[in-house]
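The residues making up each chain are set out below.
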Amino acid sequence: MLSHSTGLATHKSTMTRYTKFLENSAKIWFIIAVLGQWIFGVYVALFYGGAAMDGDFMKWNRVLPHGYVEGETMGNLAVAAHLLFAVVVMVGGPIQFIPKLRAKYPKFHAWNGRFYIVAAFLISLSGLYMVITKGTISGLVGDISVSLNGLLILLFAVLAIRKAMQRNIKVHRRWALRLFLAMGGVWFFRIGLMFWLFVFGRPVGFDPETFRGPFLVILGFGQYVIPLIVLELYLRAQQMRSKAFKMGMSATLIILAGITALGTFAATMGMWLPRLG
């Protein structure tokens, strides 16, 4: 009987160790991703906000085709709102997922969450309006992938707030995580593209002049599909008792953390910093 109890205790201790490793792997990726999004947020604020402060709105078009069109008030306002709230959610959104802050300041968490949901709606709706009126640089495929991303943001925002109102906190957090990843689609696209260019040293799988090609099709949908799949696997790994699955998921998260860090570095040095010069 004592031997059996000792065996159960040892197994439980081992599972706890694997679970902690899984959680720490997720934290490493999250920290790197948040830092990357903050860097992107600062760039957006300095480049687009700086141009707006100088009254040089045409500067937006150097990066965002048809971002500013003189005389198109609604279209220009949609772009401005999209950029403004994108900065806000990239900087303020991640703090919703810090457990200690959530536990110590529940009222702040609730109000910041409400603002995050409102911002998600505004970003999604303005983005959809931009696709309809201006299109994307990637053509029809880009229009479809970006529109689907926007619709997913709306869906996840509705489900996250509904579960919060129902006091189903566990499920609410899962939908909030899905919303966080869907909201990061634009950022995932950029670091994914720059990681690809960093690895190969040249455009592979797409034409840089026309911005068309199979790689961009995959990346266009993968910018939110891949993160969402990884999240579902991670949530499953949390619940499963399989050591192999937990270790495999932990290793995957560590690899993805490395890719995220490298993609962020490549995007910062090769795309964002040069535009601020």
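Values in this document were obtained by computation on a predicted structure and should not be read as measured data. (Residues numbered from 1 in each chain as written. Predicted model: local features only at pLDDT ≥ 70, side-chain atom pairs only at ≥ 80, totals over all residues. Heavy atoms only, no water.)

Caption draft 1: Summary view of the overall build of the protein chain. Secondary structure assignment for the protein chain yields nine helices and zero strands. Its C-alpha atoms give the protein chain a radius of gyration of 21 Å, near enough to 19 Å, the size a compact globule of 277 residues would have. When burial is assessed residue by residue, the protein chain has 41% of its 277 residues classed as buried. Residue pairs at least 24 apart in sequence account for 68% of intrachain contacts in the protein chain once pairs closer than 6 positions are excluded. For the protein chain, the exposed area adds up to about 15400 Å²; of that, 70% sits on carbon and sulfur atoms. (Helix = DSSP H or I, 4+ residues; strand = E, 2+ residues; numbered from the N terminus. Rg over C-alpha atoms; globule rule 2.2 N^0.38 Å. Buried < 20%, exposed > 50% of the residue type's maximum accessible area, 1.4 Å probe, protein only. Contact = heavy atoms within 4.5 Å. Areas by Shrake-Rupley, 256 points an atom, 1.4 Å probe, with all protein chains shown as cover.)

Caption draft 2: Just the side chain of Ser124, in detail. As for its position among the elements, Ser124 is in helix α4 (residues 106-134). Of note is the side chain of Ser124, whose polar atom sits 2.5 Å from the backbone oxygen of Gly150. Beyond its immediate chain neighbours, meaning those up to four positions away, Ser124 contacts Gly150, Leu151, Ile153 and Leu154. (Polar contact = N/O pair within 3.5 Å; in protein donor to acceptor, adjacent residues only side chain to side chain.)

Caption draft 3: Up close: the pattern of salt bridges. For the structure on display, the rule yields two salt bridges. The partner of Glu72 in a salt bridge is Lys134, with the nearest N and O atoms 4.0 Å apart. Here Lys134 lies in helix α4 and Glu72 lies in the loop between α1 (2-54) and α2 (73-92), a separation of 62 residues in the sequence. What makes Lys134 buried here is its relative accessible area of 17%. The partner of Arg178 in a salt bridge is Glu232, with the nearest N and O atoms 2.7 Å apart. Remark: Glu232 occurs in helix α8 (residues 214-239) and Arg178 occurs in helix α6 (residues 169-183); sequence separation between them is 54 residues. (Salt bridge = Lys/Arg side-chain N within 4 Å of Asp/Glu carboxyl O.)

Caption draft 4: Spatial organisation of the packing of aromatic side chains. Using the criterion set out here, one finds 21 aromatic pairs in the structure. Taking the centre distance of 6.3 Å and the plane angle of 75° together, the rings of Phe30 and Phe97 count as edge-to-face. Of the two residues, Phe30 sits in helix α1 while Phe97 sits in the loop between α2 and α3 (99-104), which places them 67 residues apart along the sequence. The exposure class assigned to Phe97 is buried, which follows from its relative accessible area of 18%. (Phe/Tyr/Trp six-rings, centres within 6.5 Å; stacked < 30°, edge-to-face > 60°.)

Caption draft 5: Spatial organisation of unusual backbone geometry. In this structure, Arg167 takes a positive phi of about 60° despite not being glycine. For Phe211, which is not a glycine, the phi torsion comes out positive at approximately 55°. By the element assignment, Phe211 lies in the loop between α7 (185-200) and α8. For Phe211, a relative accessible area of 15% translates into the label buried.

Caption draft 6: Structural context of α7. Along its 16 residues, α7 runs 23 Å from first to last C-alpha, staying within 8% of the 22 Å computed at 1.5 Å per residue. Within the span of α7, buried status applies to Gly185, Trp187, Phe188, Phe189, Ile191, Leu193 and Met194. Gly201 sits one or two residues past α7 and shows a positive phi near 75°. (Expected span 1.5 Å × (residues − 1).)

Caption draft 7: Here's a closer look at the side chain of His109. Positionally, His109 belongs in helix α4. Classification of His109 by relative accessible area gives buried; the value is 18%. Excluding anything up to four places from it in sequence, His109 contacts Gln96 and Arg102.

Caption draft 8: The packing of helix α5 (residues 139-165) against α6, seen in detail. Running from N to C, α5 and α6 cross one another at 155°; their axes reach a closest spacing of 8 Å. One way to sum up the angle between α5 and α6 is to call them roughly antiparallel. The two elements α5 and α6 meet at a crossing, and its hand is left-handed. For the pair α5 and α6, the contacting residues are Asn149, Ile153, Phe156, Ala157, Leu159, Ala160, Lys163 and Ala164 in the first and Val171, His172, Trp175, Ala176, Arg178, Leu179, Ala182 and Met183 in the second. (Axes fitted to C-alpha atoms, helices over the stretch in contact; angles between N-to-C directions. Parallel < 35°, antiparallel > 145°, perpendicular 65-115°, else oblique. Left-handed = near helix turned anticlockwise from the far one by under 90°.)

Caption draft 9: Spatial organisation of the environment of Asn61. By the secondary structure assignment, Asn61 is in the loop between α1 and α2. Taking the C-alpha atoms as reference, Asn61 lies 9.9 Å from Tyr48; in sequence the two are 13 residues apart. Apart from residues lying up to four places away in sequence, Asn61 is in contact with His66, Gly67 and Tyr68. A distance of 2.8 Å separates a polar side-chain atom of Asn61 from the backbone nitrogen of Gly67.

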